[in-house]
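Working through the structure, step by step
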Amino acid sequence: MANHNVTSVMLEVGEDTGGLAGNPTQGLIGATIGFFVGFAAVSLFGPTAKLLDQNMMMTSVQLGLLVAMPSLSGSLLRIPFGAWVDTTGGRKPFAILLGLSAVGMAGLSALLYFVGPENLTISYYPMLLLFALLCGCGIATFSVGIGQVSYWFPKKKQGWALGAYAGFGNIAPGLFSYLIPLLIGVVAITGTYMIWLAFLLLGIGYYLFGAPNAYYFQLIKKGYTRDEAREVASGEGQELFPQGGVWDGLLRAAKIWKTWPLVFLYFTTFGGFLALTAWFPTYWQEYFGKSLAVAGGLTMTYSVLASVIRVPGGILSDKIGGVTSIILSMTLTLIGALFLTLGISFGMALTGLLLMGIGMGVNNAGVFKLVPQYIEKAVGGGSGWVGGLGALGGFVIPPLMGYFVEIQGTAGYANGFAVFIGLAVVSLLMVYLLKKSA
């Protein structure tokens, strides 16, 4: 196909776009469903940790590490797999990540079925960590889907499309934190994990059949040159195309100092979001004595609020600026963390939960408002660092909170939120530096 001129290529594509598949709406829906089922892994051990620990007798740090493990792979893999999209489109990296997640989920289901939750001992802990690591691969689909959706939509519609993708996909952890305890009450923990595996496989199937790559990548796969593919895809409405090597963008972004305050801000609130979605179920049960179902409902409230608020948070940052919206949001996060740390009453803790949900969600929107503003020469690379390393907070924070429980007992479940007081204070200092440098 390399010797074809553009006119002949256009004629060859001709009617029905030469067998090209899908449209932007299908690409958005397919990627969103794929991210939704993959992101559900973040709630994997939170609601069930107490049940798994009945005979394993894990320390609080071990328990915190277990619930955080999916966030480790789910954050670090965002960087290379997100970069991969620019060479092949999103389908291949997305499918591999979902497949690895399914392997982890199948391993957990098999372990519970053949060994039985009542027979689990601490000797199975390394195996649980491995399966949790694999399950977390589904969380890394976020950066892949961002690229896949972006290539489908014209620039004037990308804000809406990416907002819908991230907003609906982010609901998954909170929803599953609520549904898992209900299912456990009906089919026990083993049956619940098997149902979850079936749901994941259905989601993967839908993605494979319902989430095509943008036209440019389809044409490249058919053998068109880059110039030919760009010309034809432009005629079909595609506006965004790969611009050089993504790794070059990562290096350029790493050399811009403003990248790193944004990484820390996202570490605090999106990494914190992942951490609290995994931590809250245990916190409500152990500190306030709530049932598994109630703890799941409270966790869902936090998770859905922090996800949905990103949309008005983005509108707010457009109106008052990303820096100002971040200052407001981090102040709310700080106050919420103080309420949870004091933990005098359930009402006070619930207020803290709501304040942190609002603050973290608005901050997440504000950070990505600033990425193209502060890292304009390497937006893709900046997004990779911010999204990947920022999400690493979901792995780092739970063991730190678990350490408070380790040394203080039940009181540590409240005092552990002091971690977020410290993070919020440093975040406010970071955004002050950004504001002074503007």
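Residues numbered from 1 in each chain as written. Predicted model: local features only at pLDDT ≥ 70, side-chain atom pairs only at ≥ 80, totals over all residues. Heavy atoms only, no water.

**Brief notes about the overall build of the protein chain**
A tally of regular secondary structure across the protein chain gives 21 helices and 0 strands. A compact globule built from 438 residues would reach a C-alpha radius of gyration of about 22 Å, and the protein chain, at 22 Å, matches this within 12%. With respect to the principal axes defined by its C-alpha atoms, the protein chain has extents near 75 × 55 × 30 Å. Scored against the burial criterion, the 438 residues of the protein chain give a buried share of 56%. Carbon and sulfur atoms make up 67% of the accessible area of the protein chain, which amounts to about 17,200 Å² in all. Between the averaged position of the 21 positive side-chain charges in the protein chain and that of its 16 negative side-chain charges there is a distance of 10 Å. (Helix = DSSP H or I, 4+ residues; strand = E, 2+ residues; numbered from the N terminus. Rg over C-alpha atoms; globule rule 2.2 N^0.38 Å. Buried < 20%, exposed > 50% of the residue type's maximum accessible area, 1.4 Å probe, protein only. Areas by Shrake-Rupley, 256 points an atom, 1.4 Å probe, with all protein chains shown as cover. Lys, Arg positive; Asp, Glu negative; His and termini not counted. Charge placed at Lys NZ, Arg CZ, Asp CG, Glu CD.)

**Some words on the packing of aromatic side chains**
Under the definition given, this model contains 36 aromatic pairs. Its end group placed over the ring of Phe 346, Lys 290 keeps NZ or CZ at 4.4 Å from the ring centre. (Phe/Tyr/Trp six-rings, centres within 6.5 Å; stacked < 30°, edge-to-face > 60°. Lys NZ or Arg CZ within 6 Å of the ring centre and 35° of its normal.)

**Some remarks on unusual backbone geometry**
The phi angle at Met 57 is positive, at roughly 55°, despite the residue not being glycine. Positionally, Met 57 belongs in the loop between α3 (49-56) and α4 (60-76). You will see that Ala 188, though not glycine, has its phi angle at about 70°, which is positive. Mapped onto the elements of the fold, Ala 188 is located in helix α9 (residues 155-210). Look at Ala 188 and you get partly exposed, because its relative accessible area is 41%.

**Topic: empty space enclosed by the protein**
Scanning all chains against the criterion turns up 2 cavities of 30 Å³ or more. Empty space within the second largest cavity amounts to approximately 30 Å³. Lining the second largest cavity are Asn 170, Phe 270, Phe 273, Ala 306, Ser 307, Arg 310 and Asn 364. Those elements that provide at least two residues to the lining of the second largest cavity are α13 (259-288) and α14 (292-308). (1 Å grid on protein atoms, 1.4 Å probe; cavity = no way out; pocket = protein on both sides within 12 Å on 5 of 7 lines; lining within 4 Å. Points joined across faces, edges and corners; volume = space filled by probe spheres on them.)

**Concerning the nonpolar core**
Counting residues in hydrophobic clusters, the biggest one holds 127 residues, and the most contacted among them are Leu 262, Leu 276, Phe 280, Tyr 283, Phe 417 and Phe 420. Ranked by the residues each element gives to this core, the list is headed by α13, at 15 residues. (Core = buried A, V, L, I, M, F, W, Y, C linked by side-chain atoms within 4.5 Å.)

**Details of the packing of α14 against helix α15 (residues 310-320)**
Orientation of α14 relative to α15, taken along the N-to-C sense of each, is 35°, at an axis distance of 5 Å. Here Ala 306, Ser 307 and Val 308 of α14 lie close against α15, whose contacting residues are Arg 310, Val 311 and Pro 312. Across the contact of α14 with α15, the residue classes break down as 4 nonpolar, 1 polar and 1 charged. (Axes fitted to C-alpha atoms, helices over the stretch in contact; angles between N-to-C directions. Contact = heavy atoms within 4.5 Å. Nonpolar A, V, L, I, M, F, W, Y, C, P; charged D, E, K, R; others polar.)

**Comments concerning the confidence of the model for the protein chain**
Detail in the predicted coordinates should be disregarded across regions flagged by low pLDDT. Model confidence for the protein chain is summarised by a mean pLDDT of 84, while 91% of its residues fall at 70 or above. pLDDT under 50 marks residues 1-17. Its contacts with residues more than four places away, or in other chains, come to 23 contacts. (pLDDT = per-residue confidence, 0-100.)

**So, the side chain of Lys 258**
The residue Lys 258 is located in the loop between α12 (246-254) and α13 in this model. You can call Lys 258 buried: its relative accessible area is 15%.

**Let's talk about a nonpolar patch on the surface**
Judged by side-chain polarity, Leu 183, Val 186, Val 187 and Ile 195 come together as a nonpolar surface patch covering roughly 320 Å² of accessible area. For Ile 195, the location among the structural elements is in helix α9. On the accessibility criterion, Ile 195 (39% relative accessible area) is partly exposed. (Patch = residues over 30% accessible without salt bridge, like charges linked within 9 Å, V, L, I, M, F, W, Y side chains within 5 Å. Salt bridge = Lys/Arg side-chain N within 4 Å of Asp/Glu carboxyl O.)

**Description of the packing of helix α19 (residues 393-408) against helix α21 (residues 418-437)**
Packing of α19 against α21 brings their axes to within 9 Å, and their N-to-C directions diverge by 130°. Relative to α21, the element α19 lies oblique. Touching Ile 397, Leu 400, Met 401 and Phe 404 of α19 are Ala 418, Val 419, Phe 420 and Leu 423, all from α21. (Parallel < 35°, antiparallel > 145°, perpendicular 65-115°, else oblique.)

**Quick look at helix α5 (residues 78-88)**
If you check which residues of α5 are buried, you get Arg 78, Ile 79, Phe 81, Gly 82, Ala 83 and Val 85. Positive backbone phi, approximately 85°, marks Gly 89, located one or two places after α5.

**Looking at α15**
Those residues of α15 that fall on the buried side of the exposure criterion are Arg 310, Gly 313, Gly 314 and Ser 317. Buried positions in α15, seen along its axis, are confined to an arc of 100° and lie on one side of it. In α15, the exposed positions that point more than 90 degrees away from the buried face belong to Asp 318 and Lys 319. At the C-terminal side of α15, Gly 321 shows a positive phi close to 95°. (Arc of directions from axis to C-beta.)

**Topic: the state of the cysteines**
Chemically, a disulfide is nothing more than a covalent bond linking the sulfur atoms of two cysteines. Counting across every chain of the model gives 0 disulfides. Cysteine Cys 135 remains unbridged, with the sulfur of Cys 137 as its closest cysteine sulfur at 8.5 Å. Of the residues examined, Cys 135 reaches a relative accessible area of 1% and is grouped as buried. (Disulfide = S-S within 2.5 Å.)

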